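Observations on the three-dimensional arrangement
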Amino acid sequence: MEYEPVIGLEVHAQLLTRSKIFCGCSTLFGADANTHTCPVCTGLPGSLPVLNKKVVEFTVRAALATQCRIAPYSQFARKNYFYPDLPKGYQISQYELPLSTDGHVEIQVDGKKKRIGLIRIHMEEDAGKLIHDLSSDRGASSYVDFNRTGVPLIEIVSAPDLQSPEEAGAYLRKLRAILMFLDICDGNMEEGSFRCDANISLRPKGQKAFGVKTELKNMNSFRNVQKALDYEIRRQTALLDQGDKVIQETRLWDAARGMTASMRGKEEAHDYRYFPDPDLVPLVIDPSWVEKIRAGLPELPEQKKDRFVRDYGIPEYDAEILTSSKALANYYEGCLKIYDQPKIISNWIMSELLRELKRDEREIEECPVPAANLAEMLKMIDEGVISGKIAKSVFEDMYRTGKRAQEIVREKGLVQVTDTSAIEKAIDQVLAANPSEVEAYRKGKDKLFGFFVGQVMKATQGKANPQLVNELLKKKL
Ligand SMILES: [Zn+2]
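About the cut-offs
- Residues numbered from 1 in each chain as written.
- Predicted model: local features only at pLDDT ≥ 70, side-chain atom pairs only at ≥ 80, totals over all residues.
- Heavy atoms only, no water.
- Helix = DSSP H or I, 4+ residues; strand = E, 2+ residues; numbered from the N terminus.
- Rg over C-alpha atoms; globule rule 2.2 N^0.38 Å.
- Buried < 20%, exposed > 50% of the residue type's maximum accessible area, 1.4 Å probe, protein only.
- Contact = heavy atoms within 4.5 Å.
- Areas by Shrake-Rupley, 256 points an atom, 1.4 Å probe, with all protein chains shown as cover.
- Lys, Arg positive; Asp, Glu negative; His and termini not counted.
- Charge placed at Lys NZ, Arg CZ, Asp CG, Glu CD.
- Polar contact = N/O pair within 3.5 Å; in protein donor to acceptor, adjacent residues only side chain to side chain.
- Axes fitted to C-alpha atoms, helices over the stretch in contact; angles between N-to-C directions.
- Parallel < 35°, antiparallel > 145°, perpendicular 65-115°, else oblique.
- Left-handed = near helix turned anticlockwise from the far one by under 90°.
- Nonpolar A, V, L, I, M, F, W, Y, C, P; charged D, E, K, R; others polar.
- Domains from an automatic or database assignment.
- Donors = N, O, S within 2.8 Å, 3.2 Å for Na, K, Ca; no water.
- Tetrahedral: all angles 85-135°; square planar, octahedral: opposite > 155°, others 65-115°.
- Phe/Tyr/Trp six-rings, centres within 6.5 Å; stacked < 30°, edge-to-face > 60°.
- Lys NZ or Arg CZ within 6 Å of the ring centre and 35° of its normal.
- Pairing = 2+ DSSP bridges.
- Core = buried A, V, L, I, M, F, W, Y, C linked by side-chain atoms within 4.5 Å.
- Patch = residues over 30% accessible without salt bridge, like charges linked within 9 Å, V, L, I, M, F, W, Y side chains within 5 Å.
- Salt bridge = Lys/Arg side-chain N within 4 Å of Asp/Glu carboxyl O.

Quick word on the overall build of the protein chain
- Each helix and strand in the protein chain was counted, giving 15 helices and 16 strands.
- Its C-alpha atoms give the protein chain a radius of gyration of 29 Å, more than 25% over the compact-globule value 23 Å for 477 residues.
- Principal axes of the C-alpha set define a box for the protein chain whose edges measure 95 × 55 × 55 Å.
- For the protein chain, with 477 residues in total, the buried portion stands at 49%.
- For the protein chain, the proportion of contacts with a sequence separation of at least 24, taken over those separated by at least 6, is 68%.
- Just so you have it, the protein chain exposes about 24,200 Å², and 51% of that area is on carbon and sulfur atoms.
- Side chains of the protein chain carry 67 positive and 69 negative charges; the gap between the two charge centres is 3 Å.

Details of the side chain of Asp 126
- Among the secondary structure elements, Asp 126 is positioned in the loop between strand 7 (112-125) and strand 8 (129-133).
- On the basis of relative accessible area, Asp 126 is assigned to the buried category, the value being 4%.
- In terms of polar contacts, Asp 126 uses its side chain to reach the side chain of Arg 148, at 3.3 Å.
- At 3.0 Å, the side chain of Asp 126 and the side chain of Arg 195 are in polar contact.

Overview of the packing of helix 12 (residues 420-433) against helix 14 (residues 448-459)
- Contact pair helix 12 / helix 14: the axes reach a minimum separation of 9 Å and the direction vectors enclose 125°. Taken together, the axes of helix 12 and helix 14 lie oblique to each other. Once helix 12 is placed against helix 14, the crossing between them reads as right-handed. In this structure, helix 12 uses Ala 426, Ile 427, Val 430 and Leu 431 to contact helix 14, whose residues at the interface are Phe 452, Gln 455, Val 456 and Ala 459.
- Its residues assigned to classes, the contact of helix 12 with helix 14 comprises 7 nonpolar, 1 polar and no charged.

Notes on the domain arrangement of the protein chain
- Each assigned domain of the protein chain is listed with its residue range as follows: domain 1 (3-292), domain 2 (299-412) and domain 3 (420-476).
- The C-alpha centroid of domain 3 is placed 32 Å from the C-alpha centroid of domain 2.

Considering the coordination of the zinc ion
- Protein ligation of the zinc ion involves Cys 23 (SG), Cys 25 (SG), Cys 38 (SG) and Cys 41 (SG), the donor distances falling in the range 2.3 to 2.4 Å.
- Viewed at the metal, the 4 donor atoms of the zinc ion are separated by angles of 101 to 113°, and the geometry they form is tetrahedral.
- Every donor residue of the zinc ion comes from the same chain, spaced as C-x1-C-x12-C-x2-C. On the criterion of sequence distance, the pair formed by Cys 25 in the loop between strand 1 (3-14) and helix 1 (53-65) and Cys 41 in the loop between strand 1 and helix 1 is long-range, its members being 16 residues apart. Each member of the pair, Cys 25 as well as Cys 41, is classed as buried.

Let's talk about the packing of aromatic side chains
- Applying the stated rule across the entire model yields 12 aromatic pairs.
- Note on Tyr 272 and Tyr 274: the rings are 6.0 Å apart at their centroids and 70° apart in plane angle, and the pair reads as edge-to-face.
- Since its relative accessible area comes to 22%, Tyr 274 is described here as partly exposed.
- Taken together, a centroid distance of 6.2 Å and an interplanar angle of 35° make the contact between Tyr 441 and Phe 449 tilted. Here Tyr 441 and Phe 449 have matching classes, each one buried.
- The rings of Tyr 81, Tyr 95, Tyr 272 and Tyr 274 are connected pair by pair, giving a single aromatic cluster.
- Its end group placed over the ring of Tyr 272, Lys 79 keeps NZ or CZ at 4.4 Å from the ring centre.
- Here the guanidinium or amino end of Lys 474 rests over the ring plane of Phe 449, the centre of that ring lying 5.5 Å away.

Describing the sheet that holds strand 15 (residues 275-276)
- Spatial ordering of the open sheet is given by 5-4-15, a layout of 3 strands whose pairing is antiparallel. The open sheet terminates on both sides in strands that have one partner only, identified here as strand 5 (90-93) and strand 15.

Thoughts on the nonpolar core
- Of all hydrophobic cores here, the largest spans 69 residues; its most connected members are Leu 9, Ile 156, Tyr 171, Leu 172 and Leu 179.
- Considering every element that reaches this core, the biggest residue donor is helix 2 (residues 165-181), with 9 residues.
- Apart from residues lying up to four places away in sequence, Leu 179 is in contact with Ala 13, Ala 62, Ile 154, Ile 156, Ile 184, Cys 185 and Phe 194.
- Within the second largest apolar cluster, 36 residues are counted, among which are Phe 308, Leu 353, Ala 371 and Leu 414.

Focus: the pairing of strand 10 (residues 152-158)
- Of all the 7 residues making up strand 10, 7 are buried; the element is thus mostly covered by neighbouring parts of the structure.
- Here strand 10 shows a buried face lined by Pro 152, Ile 154, Ile 156 and Ser 158 and a second buried face lined by Leu 153, Glu 155 and Val 157.
- Pairing of strand 1 with strand 10 involves 5 bridges; the strand directions are antiparallel. Bridge pairing in strand 10 places Val 11 opposite Ile 156.
- For strand 7 and strand 10, the ladder comprises 7 bridges, and the chain directions are antiparallel. Directly across from Leu 118, in strand 10, lies its bridge partner Ser 158.

Focus on the environment of Ala 375
- With respect to the secondary-structure elements, Ala 375 resides in helix 9 (residues 371-382).
- For the pair Ala 375 and Lys 337, spaced 38 residues apart in sequence, the C-alpha to C-alpha distance is 8.6 Å.

Looking at unusual backbone geometry
- Positioned with a positive phi, Asn 218 is a non-glycine residue whose angle comes to about 75°.
- Here Asn 218 is to be found in strand 12 (residues 214-219).
- You can call Asn 218 exposed: its relative accessible area is 51%.

Some remarks on a negative patch on the surface
- Together, Asp 186, Glu 190, Glu 191, Glu 363, Glu 365 and Glu 366 make up a region of like negative charge exposed at the surface.
- Structurally, Glu 365 is set in the loop between helix 8 (342-359) and helix 9.

Take a look at the structure:
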């Protein structure tokens, strides 16, 4: 039987406000444990939450950028459950009346565009953090840090429109890029400011009804999300093929072992006993404020992509990649400021630069070659200082050492040979060494020309100016 995966993703993104969602405590990451706390975020009796307006503004931004509808009237709700990192015994979230619904995000996989629906974007507070120490003097211990308690999150729930791990990866990348373009989330997956849970089920191809789904947690990179989904597709396929049933449950991804393992039976919404939070008034949003926020939205990935195609004349494929993150788009435009050849820069970024970054699993933000240095090197090719071929090895050195091209070229003596007499000498040697090819060429075997060029380049260790080699070879032959 052939199955079709049905995937929906829930993303939790931490908003870049300076203070928490319902109190004035700092949201800064990395402070000493329990120093960013107060009676409100630790849930002391008698304390009352007050909504941070910036959180609402940031959520409206996210909603507008993903074509969601903004509800003029929404409400906070208590999600009740007991856990040591949740001091109140409930999390303030939104349930029946979320701030925004019915949006979408466009993705592109294998050149095909697809629209992924968003069911809702709502606001909620984060829980604290547990630190498990198995080797403490007092035996295995767990500690709780409430600094993260009350940090603002948005939860973005996609429709079950994703049909492969690749689509899931593309969706997450696009969503993260949008939030980062909006300056409302730093997108850092390792520090947990962009987290993703996945729901996945299989159904026989052609069937409309959904199969039983499992929920996957604990995936802290795009790569892990895709791997976990791949694994789960294989696991569920094997179960169904054997005539077994998939159990509705929550499973944890174990990156070290490359597999998912059952964590707990999946709760239903009614297990949480949601009810409207009586400490917070319903949220009424003035449409004129929404319009003001809309007017202040920055250029988003899709718009930037269109502009790159229009203004720089590069193919849509290039533009899609270059606008996949704000930092990469800035890098590209940074190069353009110094070297005005949009397509050449795009080629270098998409091939050489992204290949090196991918191999090292680095982001563009960690690129050891600043945009200005790449642009300078490309200029050196145009000016005839180095050949395009040498440039590739120069670039590898720049990436490895962080040095500028001029420095590497000087140190290694890579300056292009433009001295005609030196090139002529090399040509004479090549022609003398290959008399039968010379004869064949002169009798009309034109294709051999490339062979001679290759030999001359080899003889000059790739340093000869290719244009001069071509000219002089033709003359001599
Ligand atoms: Zn607080």
